[in-house]
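Residues per chain are reported as follows:
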Number of protein chains: 2
Amino acid sequence: MSNPDPSSPLRRRAPIPKEACALAMAAEEIGDRWSLLILREAFYGVMRYDDIRADLDIPRSVLSDRLARLVARGCLEKRPYREAGDRTRYAYALTHKGRDLATVLIALTQWSETHIIGGPGPVDIIDRTTGRPITAMLVDDADQIVTVADATWRQRPGTNDTTS
Amino acid sequence: MSNPDPSSPLRRRAPIPKEACALAMAAEEIGDRWSLLILREAFYGVMRYDDIRADLDIPRSVLSDRLARLVARGCLEKRPYREAGDRTRYAYALTHKGRDLATVLIALTQWSETHIIGGPGPVDIIDRTTGRPITAMLVDDADQIVTVADATWRQRPGTNDTTS
DNA sequence: GCATCTGAATCCATATTTCGAACTTAGCGT
DNA sequence: ACGCTAAGTTCGAAATATGGATTCAGATGC
């Protein structure tokens, strides 16, 4: 995903406008300071309003807004539950769509450990059944692991390049 | 990276406070609406101020601020260049740290294609030398591909759980 | 029934950030 | 010297975030 031709390092326009860009749409959905942190809580199993609020120290109005947005976008779902002798409450649980963000969050965590923290973080990601440590990697269609430097991009056939 | 014990789906506190969380730090650096999009431009090879501005339609003041921040954090570097018969200018190029975000951006693009667009996007990520399509995946330490559902987390030995 | 507790959410006034447009700067070509 | 252009800066208006107080709804206790 570097420049396709290293000999012409300067491109004047992106190959696709941001309105058609999958990445740009994803940034719209989860690309703000709080949504990522709320999803982090969900992955850790912290699903209740006040618990999330206590962990993140986020204003109530913002938390309400972000939870509603993540539910509306289908990343979280409001799930009723009840504990013994208590009333029904709602927890914000990851949907399939939300859980699929794990690869992104794991990759981002690794990046941070390498380039910000400069060492392993306080939590390991492991395989639930084998116990082996897990990392996010780039893999080709023959399941061969490739490096970031190997990755580049290509206009998909049938898509018209809007570059002037 | 789901809950470690599916039978107790409710955790009251995250295993680590956000101040010590690698993910939270990464969110600080690139978790805003514009930084991700600016990095997208950089990956496509669009590196000049006015080109980025034209692609993203971002206010100049915000672009200046975000570029300076990304340079200060070491994701981009200001690199002088000059075209024939023109004065020296500066381009914002990915550093090693910035380029390493490719795995995150590719994973996020894939997530968007699956869960937002609902089909392949207009750009393919491929291996520069083999031409094979590339995806971001979770891999264990024996290079076996694992699913998102297999991934869970564990407090790293020696780290003290701050959960009350 | 009625007060009380608590999680969840809304309201409101203030502070910060973003926006869009106009303005400034630096170096090149004529 | 003059105009041109890429790259910033500046500035008032609009939008958003923040922190605190208030409201709401369901469950329990009296």
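This structure is a prediction, so every number in the text was calculated from the model and none was measured.

Rules behind the numbers
- Residues numbered from 1 in each chain as written.
- Chains lettered and ligands numbered in written order.
- Predicted model: local features only at pLDDT ≥ 70, side-chain atom pairs only at ≥ 80, totals over all residues.
- Heavy atoms only, no water.
- Near = heavy atom within 4 Å.
- Polar contact = N/O pair within 3.5 Å; in protein donor to acceptor, adjacent residues only side chain to side chain.
- Helix = DSSP H or I, 4+ residues; strand = E, 2+ residues; numbered from the N terminus.
- Salt bridge = Lys/Arg side-chain N within 4 Å of Asp/Glu carboxyl O.
- Buried < 20%, exposed > 50% of the residue type's maximum accessible area, 1.4 Å probe, protein only.
- Contact = heavy atoms within 4.5 Å.
- Nonpolar A, V, L, I, M, F, W, Y, C, P; charged D, E, K, R; others polar.

Novice: Whenever I open this one, the protein's contact with DNA strand C confuses me. Can you help?
Specialist: Around DNA strand C, the surrounding shell holds 21 residues, and the nearest of these are Tyr49(A), Asp50(A), Tyr92(A), Arg66(B) and Arg87(B). For DNA strand C, the backbone makes up 73% of the atoms found within 4 Å of the protein, where backbone means sugar plus phosphate. With respect to DNA strand C, the side chain of Tyr92(A) contributes an N or O atom lying 2.9 Å from a phosphate oxygen. With respect to DNA strand C, the side chain of Arg82(B) contributes an N or O atom lying 3.1 Å from a phosphate oxygen. For the surface near DNA strand C, the elements supplying multiple residues, two or more each, are helix H3 (49-56), helix H4 (60-72) and strand E2 (88-94) of chain A together with helix H2 (33-44) and helix H4 (60-72) of chain B. Here the surface near DNA strand C gets 4 residues from one element, more than from any other, and that element is H4(B).

Novice: Help me out: how do you make sense of the pattern of salt bridges in this one?
Specialist: Pairing between side chains of opposite charge can happen when their charged atoms approach one another. Tallied over the full model, the rule gives 28 salt bridges over all chains. Measuring nitrogen to oxygen at the nearest pair gives 2.5 Å for the salt bridge that ties Arg66(B) to Asp65(B). Of the residues examined, Asp65(B) reaches a relative accessible area of 34% and is grouped as partly exposed. Taken together, the salt bridges that share partners define one network made up of Arg12(A), Arg13(A), Arg48(B), Asp51(B) and Asp55(B).

Novice: Is there a simple way to explain the side chain of Arg66(B) in this structure?
Specialist: All names here are of chain B. Mapped onto the elements, Arg 66 comes out in helix H4. The exposure class of Arg 66 is buried, given its relative accessible area of 17%. In this structure, Arg 66 is in contact with Asp 32, Trp 34, Ser 35 and Ile 38, ignoring residues within four places of it in sequence.

Novice: What should I look at first to understand unusual backbone geometry in this one?
Specialist: For residues other than glycine, phi is negative in most cases, and the peptide bonds are mostly trans. The phi angle at Asp143(A) is positive, at roughly 65°, despite the residue not being glycine. The topology assignment puts Asp143(A) in the loop between strand E4 (134-140) and strand E5 (145-146).

Novice: Honestly, the protein's contact with DNA strand D in this entry has me stumped. Any pointers?
Specialist: In the region of DNA strand D, 21 residues are neighbours, and Trp34(A), Arg66(A), Arg87(A), Asp50(B) and Tyr92(B) sit closest. Restricting the count to atoms of DNA strand D within 4 Å of the protein gives a sugar and phosphate share of 71%. In the environment of DNA strand D, a base nitrogen lies 3.2 Å from a nitrogen or oxygen atom belonging to the side chain of Arg60(B). In terms of residue count, H4(A) provides more of the surface near DNA strand D than any other element does, 4 residues in total. Looking at side-chain class alone, the surface near DNA strand D contains 6 nonpolar, 5 polar and 10 charged residues.

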